[in-house]
Amino acid sequence: MSGSKPDILWSPHHPDRYVICDSELGLYRIGPVGSAEAKAGTLPLSEETAATLLAINSDTPYMKCVAWYPKHEPECLLAVGQANGRVVLTSLGQSHNSACKELVGKEFVPKHARQCNTLAWNPVDSNLLAAGLDKHRADFSVLIWDISSKLSPETSVAAEKIRLSSVDLDSSTVVTKPLYELGQNDACLSLCWLLRDPKLLLAGMHRNLAIFDLRNTSQKTFVNTKAIQGVTVDPHFHDRVASFFEGQVAIWDLRKFEKPVLTLTEQPKPLTKVGWCGKLTKGHSNNDALIYYFVFWPCKCSFKMINVVVSLLCACIMLHGLHTVTIPMQVSHMKQCAEDMELKLQGNVQSVVYSGIKNIVKTTSGTTETRRCWSGSDRQTDVPRYHSEERCLALRLCGWISRGTDTDVENFLRSLEQEHEWERAAAVALFNLDIRRAIQILNKGAMAEKGDLNLNVVAMALSGYTDEKSSLWREMCSSLRLQLKNPYLCIMFAFLTSEPGAYDGVLYESSVAVRDRVAFACMFLNDAQLPRYIDRLTLEMKEAGNLEGILLTGLTKDGVDLMESYVDRTGDVQTASFCMLKVPRQITQKSALHAAVGFTFMFTGSYQPTFVFVLWQVFVSCNFCGKSISYSCSTIPHQGRGFSQYGVSGSPTKSKVTSCPGCRKPLPRCALCLMNMGTPVSNCQGTGKSDEKVDLTRENKLAQFNNWFTWCHNCRHGGHAGHMLSWFRDHTECPVSACTCKCMQLDTTGNLVPSDSS
Amino acid sequence: MNNMAFFPVSLTLLLISYFSFFFSFFLCLLSCFRCKFFSLTETPENYTVVLDEEGFKELRPSEHLQVESAIWLPLNVVSNGSASSSSQAVGVTKIAKSVIAPLAQQHVSVFMLSTYQTDFILVKEKDLSVVVSTLEEEFNIYKEEGGESVPVHCQDVSNGLHKNGREAIQPTVHPVLIPKNQFCVMSLDPDTLPSIATTLIDVLFYSSSPKEDPQPSPSQDCVKFFSFSLIDGYISLVMDTEAQRQFPADLLFTSSSGELWRMVRIGGQPLGFDECGIVAQISQPLADSDISAYYISTFSFDHALVPEEDIVSVTDMLQHQRNEPATS
């Protein structure tokens with residue numbers, strides 16, 4: 001409540017400008033270090049950038065909070081909230097805008113003086129400025145001022161009893177009548193306008209979060225919570241809101257406002273600010289499922305900041321990342337192909353599902369070499385082509401050939417033609433040694449709508465192909481091909497003019513899709529060259545964080561590394577998490593778990609080595625504290641998962657969990673045996689011990705299941721699964737007396753009879 | 001339904017008769033805010049201090065110190081904002097009907113402490129079960145534990161006696177004293193506290209020593225009264241206009257209309273801590289006529305502050321109340 005906290009504000013319109021507010025306001029601009037204007041006053045920010053002080057404003061003492069006017073004009077208008085609750089409009093730098101001049105210096109004075117904690121401009125109706133104040137026994141804590149309002153008429157001021165503060169009211173720029181007054185007898189610590197409706201204001205009050213509706217100020221939605229600091233709404237997902245309390249960040253979904261959808265716990269230091277990542281890479285506005293928070297402190301003249309980037313697990317799945325659609329499809333495709341293959345490779349120990357081309361080609365064996373004729377001609381080529389089961393699988397993964405035994409690329413060519421990818425289709429045809437088809441495709445492309453007539457020229461050049469080593473054609477093509485703009489046309493001539501086995505012009509043409517290059521390599525590189533090339537390409541992809549490389553790495557350790565560098569580069573956590581959700585457990589248990597859980601925690605590890613975070617997306621939460629009842633167990637990593645965690649795994653020797661590990665409140669009781677959940681089921685079935693040998697495994701499994709928690713989603717009554725099952729064998733209504741819910745009938749599978757039951 | 005919260009401290013009441021002993025303690029408090037609940041009220045007779053356990057630990061025992069034996073719990077009505085009352089009357093008046101009257105009926109003795117920010121109702125720890133069961137109908141009751149609000153229910157606290165066994169005595173109507181000086185209710189940015197600390201100490205301890213006139217005559221026009229509280233980081237000050245002039249004007253927070261208050265002192269003899277219904281008998285009529293009020297209990301007497309413009313009607317009302325039992 002006390003102490004002015006230094007803050008940094010980014011300009012809403014200039015990405016290179018920011019304001020630092022401490023005891024005074026300073027406007028800075030970021031530029032490359034050592035530029036012409038670099039003076040002694042510049043503040044080095046990193047090796048390449050430095051901040052230049054543009055303007056300074058020390059007109060407003062007792063500053064507590066600042067908000068930057070959201071509209072373009074007037075540009076540098078700031079609202080400053082002071083310790084006595086007054087809000088003053090001020091500006092930084094010169095402004096020649098008359099509207100600005102009129103506004104600067106205007107003061108908004110609350111009825112009872114107390115600290116102004118927060119300010120928020122309405123993003124749509126930018127005349128509205130909300131101010132959050134400390135508590136007063138008789139006054140409101142959220143005041144909404146209209147900055148364009150005419151100054152309060154002198155008559156009404158005179159009517160007010162002016163005794164103590166008559167000195168202050170002599171200036172004619174004081175507004176004392178707010179447009180709205182909200183939150184009586186409460187303190188307001190943070191504010192933000194909701195983007196889904198500019199009439200809604202979210203406020204962090206003393207012990208709760210409240211949503212005020214300006215259309216009906218007597219109505220409000222609220223939820224009790226500690227996390228009331230720094231409320232902020234996700235700029236791209238308007239129902240998502242973050243707030244914090246000390247070291248804890250809570251993420252809320254406004255559509256389901258009762259509880260936070262996610263709580264990120266225990267930062268070692270108390271947070272000072274939380275924000276949403278607006279844009280991380282150019283052109284992609286969707287990859288916003290990141291929240292940053294930082295802790296900072298003033299250090300001589302500059303600010304030191306620690307940025308911590310944390311991903312949102314649950315929320316990220318709801319959004320589409322950059323590649324959420326394409327990559328998982330590729331991954332599923334990979335699985336399908338590999339499964340087909342696995343049937344054939346029964347003897348092979350290593351599982352190839354998801355393992356990526358890199359691993360597939362390593363195991364290559366029985367490669368045969370053929371020298372085919374150019375189709376449509378009986379001329380023998382001197383280009384060796386290699387075949388093996390693994391290479392075939394790789395080609396399939398690259399999408400060149402379809403499933404089954406068919407090794408013809410015709411289908412693929414047709415689909416490329418349909419998508420008007422003429423150059424690529426021609427290249428693929430050519431690599432399959434069908435020069436005629438390639439020419440035909442190029443002709444088609446030239447004739448198509450909006451087709452490039454130059455393709456005809458290329459076709460002509462192609463038709464002149466000769467395999468004579470010293471022909472003029474060869475000489476000209478190898479030099480002129482570099483001037484071709486399309487990479488596929490370029491690699492076509494590179495292929496035709498290069499020596500067999502030396503296809504660097506094709507393989508290292510980085511603008512050609514990885515899958516095409518890999519497919520090419522699988523066809524024309526021998527067993528020694530191929531793994532070397534694939535390894536090199538994989539490394540390159542990993543370093544660049546290029547998601548296309550997932551084809552090579554599969555979802556292995558390499559794949560996780562690749563994802564990691566992808567997330568490092570783009571911040572697109574959604575895609576990474578989405579892919580990682582598909583990782584089969586047996587392959588890379590540890591990495592996959594981390595990845596699926598919230599990918600970036602792995603890379604934030606470099607900033608926060610102590611940060612251990614394991615969270616399940618679906619968990620049984622305690623009625624009292626809302627934490628997962630498996631909370632304490634999950635901090636022990638990599639134990640057997642599943643319900644054994646809940647301490648109900650059937651083995652009575654295991655420690656029983658009958659109370660919430662978070663708050664120590666007892667777990668609900670089973671409606672039938674009245675024991676707290678977590679207590680193993682007593683042997684109620686009366687199964688005779690004489691039949692012990694009979695199907696022991698099945699018995700065991702059933703016994704384990706009997707201990708599971710189960711409950712009706714309608715009436716929320718429930719108990720041990722075994723008890724519930726036996727109850728509903730001869731009842732239709734809920735076992736809780738007075739509850740008439742027909743639980744079992746609501747369950748669509750409840751009416752099914754197990755096939756093996758008598 | 002409004003919320004009511006227990007502040008997470010238990011408090012001790014102190015009476016200090018010798019100020020210089022207390023002086024060093026006060027300085028210590030100003031420098032380190034380890035104490036979360038601290039209130040100091042200066043009256044002509046003595047200093048009354050309410051403070052939590054943390055603060056009490058720092059206090060050396062002394063013969064000048066008189067400690068009220070019971071532990072008190074502060075209650076605070078927290079609005080959940082669902083119903084914003086249109087009534088302008090605030091403070092004690094607002095809760096008179098919902099809290100103070102029912103507690104008086106159940107013979108729960110309360111100690112009121114109004115601040116600039118809110119009103120605290122202190123109840124004895126042993127009365128907790130009665131308080132909870134009385135107020136449960138009107139309020140959601142929470143106990144704050146480590147920042148979390150934990151709901152309190154009747155069965156959770158019903159250990160020991162359920163009803164206060166005390167006899168229902170017709171509450172005595174106490175005499176009132178209405179001094180002439182005007183009071184201001186103010187607050188302060190905690191950051192600026194050090195800059196006014198010297199003034200504060202000067203006003204509290206040196207301007208007029210309570211020792212000089214231990215038994216003020218009722219005829220005296222002005223009564224020295226000064227209250228300072230620092231609760232959960234919020235500062236609240238009550239002082240008369242004379243004292244207020246010694247503070248730099250721009251640092252103290254008050255209302256923009258500059259409202260002034262008059263004081264009503266309740267009690268001719270020290271009131272003690274067991275009698276109940278004292279606050280109720282003042283706040284009830286005020287609530288009936290919708291007059292806002294501010295109420296500070298001290299070791300000896302209770303003090304109510306009412307807006308200056310309402311003092312005439314309040315005086316009439318209280319006179320009437322005092323005459324009535326006499327006639328009946």
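Under the annotation held in an unreviewed UniProt entry, chain B carries the name Cytosolic arginine sensor for mTORC1 subunit 1 and is attributed to Neolamprologus brichardi. Reading the Sequence similarities (unreviewed entry) entry of the UniProt record for chain B gives the comment "Belongs to the GATS family." Taken from UniProt, the Subunit (unreviewed entry) comment for chain B reads in full: "Forms homodimers and heterodimers with CASTOR2. Interacts with the GATOR2 complex which is composed of MIOS, SEC13, SEH1L, WDR24 and WDR59; the interaction is negatively regulated by arginine. Interacts with TM4SF5; the interaction is positively regulated by leucine and is negatively regulated by arginine."

As recorded in an unreviewed UniProt entry, chain A goes by the name Missing oocyte, meiosis regulator, homolog (Drosophila), listed as coming from Neolamprologus brichardi. Here chain A is described in UniProt, under the heading Sequence similarities (unreviewed entry), as follows: "Belongs to the WD repeat mio family."

## Remarks on the overall build of chain A
Within chain A, the regular secondary structure consists of 24 helices and 29 strands. For chain A, contacts bridging at least 24 residues in sequence account for 52% of all contacts bridging at least 6. Accessible area of chain A: about 36,800 Å², with a carbon and sulfur share of 53%.

## Digging into the overall build of chain B
Along chain B, the regular secondary structure elements total 9 helices and 18 strands. Considering only intrachain contacts with a sequence separation of at least 6, the fraction spanning at least 24 residues in chain B is 79%.

## Things to note about the environment of Gly722 of chain A
All names here are of chain A. Within the secondary structure layout, Gly722 lies in helix 23 (residues 721-730). Spatially, the C-alpha atom of Gly722 lies 9.1 Å from that of Thr710, the residues being 12 residues apart in sequence. If near-sequence neighbours (up to four positions away) are discounted, Gly722 is found in contact with Phe705 and Asn706.

## Some thoughts on the confidence of the model for chain B
Residue and element names in this part refer to chain B. Chain-level statistics for chain B give a pLDDT mean of 75 and a share of 71% at 70 or above. Confidence scores differ between elements of chain B, with helix 1 (residues 19-31) showing the lowest mean pLDDT of 56 and strand 18 (residues 302-307) the highest of 89. Here residues 159-166 scores under 50 on pLDDT; set against residues more than four positions off or in separate chains, the count is 15 contacts. Considering only residues more than four positions removed or in separate chains, one finds that residues 209-219, a stretch of pLDDT under 50, has 12 contacts. In the predicted assembly, ipTM is 0.79 and pTM is 0.55.

## Considerations on the pattern of salt bridges
All names here are of chain A. In total, this model carries 19 salt bridges over all chains according to the counting rule given. Among the ionic pairs, Lys256 bridges to Glu258, the shortest N-O distance being 3.8 Å. With respect to class, Lys256 is no different from Glu258; both count as exposed. Close ionic contact of Arg424 with Glu421 constitutes a salt bridge, the shortest N to O distance being 3.5 Å. Among the ionic contacts, a cluster of salt bridges with common partners joins Glu410, Arg414, Glu417, Arg437 and Lys444.

## Things to note about the sheet that holds strand 20 (residues 240-245) of chain A
Residue and element names in this part refer to chain A. Pairing within the open sheet is antiparallel, and its 4 strands lie in the order 19-20-21-22. What marks the edges here is a single partner per strand, and that holds for strand 19 (229-233) and strand 22 (262-264). Between one strand and the next, the sheet's axes are offset by a mean angle of 15°, whatever the strand orientation. Where strand 19 lies against strand 20, 3 bridges are found, and the strand directions are antiparallel. Each residue of the ladder has a partner; that of Val233, found in strand 20, is Val241.

## Observations regarding the nonpolar core
If you look at the biggest cluster of nonpolar residues, it comprises 73 residues, and the most contacted ones within it are Ile357 and Phe495 of chain A. In this structure, Val132, Leu135, Ile278 and Leu286 of chain B belong to the second largest nonpolar core, which totals 38 residues.

## Notes on the pairing of strand 6 (residues 63-68) of chain A
All names here are of chain A. With 6 of 6 residues buried, strand 6 lies mostly within the body of the structure. Summarising the sheet, strand 6 and strand 7 (residues 77-82) pair through 5 bridges and their orientation is antiparallel. Within strand 7, the residue paired with Ala67 across the bridge is Ala79.

## Re the side chain of Ser227 of chain B
Tracing the backbone shows Ser227 of chain B in strand 13 (residues 226-231). On the basis of relative accessibility, which here comes to 4%, the residue Ser227 of chain B falls in the buried class.

## What to know about the side chain of Asn117 of chain A
All names here are of chain A. By secondary structure assignment, the location of Asn117 is in strand 10 (residues 116-121). Classification of Asn117 by relative accessible area gives buried; the value is 9%. A distance of 2.9 Å separates a polar atom in the side chain of Asn117 from the backbone oxygen of Cys188.

## Quick notes on a nonpolar patch on the surface
All names here are of chain A. Taken together, the side chains of Leu472, Met476 and Leu480 present a nonpolar region at the surface, about 290 Å² in accessible area. Within the secondary structure, Met476 is located in helix 11 (residues 472-480). The class of Met476 is partly exposed, set by a relative accessible area of 37%.

## Re the state of the cysteines
Residue and element names in this part refer to chain A. Across all of its chains, the model carries 0 disulfides over all chains by this definition. Free cysteine Cys65: the closest other cysteine sulfur is in Cys116, separated by 3.7 Å. Its relative accessible area of 10% is what places Cys65 among the buried residues.

## So, helix 6 (residues 389-398) of chain A
Burial within helix 6 of chain A is extensive, with 9 of its 10 residues counted as buried. If you check the start of helix 6 of chain A, you find a side-chain oxygen 3.1 Å away from the backbone N of Arg391 of chain A, and it comes from Ser388 of chain A.

## Regarding the packing of aromatic side chains
Considering all chains together, one arrives at 20 aromatic pairs over all chains under this definition. An aromatic cluster is built from Trp400, Phe412, Phe431, Phe495, Tyr503, Phe520 and Phe524 of chain A, whose rings are joined through pairwise contacts. The residue whose ring lies beneath Arg265 of chain B is Phe301 of chain B, and the NZ or CZ to ring-centre distance is 4.1 Å.

What counts as what
- Residues numbered from 1 in each chain as written.
- Chains lettered and ligands numbered in written order.
- Predicted model: local features only at pLDDT ≥ 70, side-chain atom pairs only at ≥ 80, totals over all residues.
- Heavy atoms only, no water.
- UniProt positions renumbered as here; feature names shortened; annotations may be inferred.
- Helix = DSSP H or I, 4+ residues; strand = E, 2+ residues; numbered from the N terminus.
- Contact = heavy atoms within 4.5 Å.
- Areas by Shrake-Rupley, 256 points an atom, 1.4 Å probe, with all protein chains shown as cover.
- pLDDT = per-residue confidence, 0-100.
- Salt bridge = Lys/Arg side-chain N within 4 Å of Asp/Glu carboxyl O.
- Buried < 20%, exposed > 50% of the residue type's maximum accessible area, 1.4 Å probe, protein only.
- Pairing = 2+ DSSP bridges.
- Axes fitted to C-alpha atoms, helices over the stretch in contact; angles between N-to-C directions.
- Core = buried A, V, L, I, M, F, W, Y, C linked by side-chain atoms within 4.5 Å.
- Polar contact = N/O pair within 3.5 Å; in protein donor to acceptor, adjacent residues only side chain to side chain.
- Patch = residues over 30% accessible without salt bridge, like charges linked within 9 Å, V, L, I, M, F, W, Y side chains within 5 Å.
- Disulfide = S-S within 2.5 Å.
- Phe/Tyr/Trp six-rings, centres within 6.5 Å; stacked < 30°, edge-to-face > 60°.
- Lys NZ or Arg CZ within 6 Å of the ring centre and 35° of its normal.

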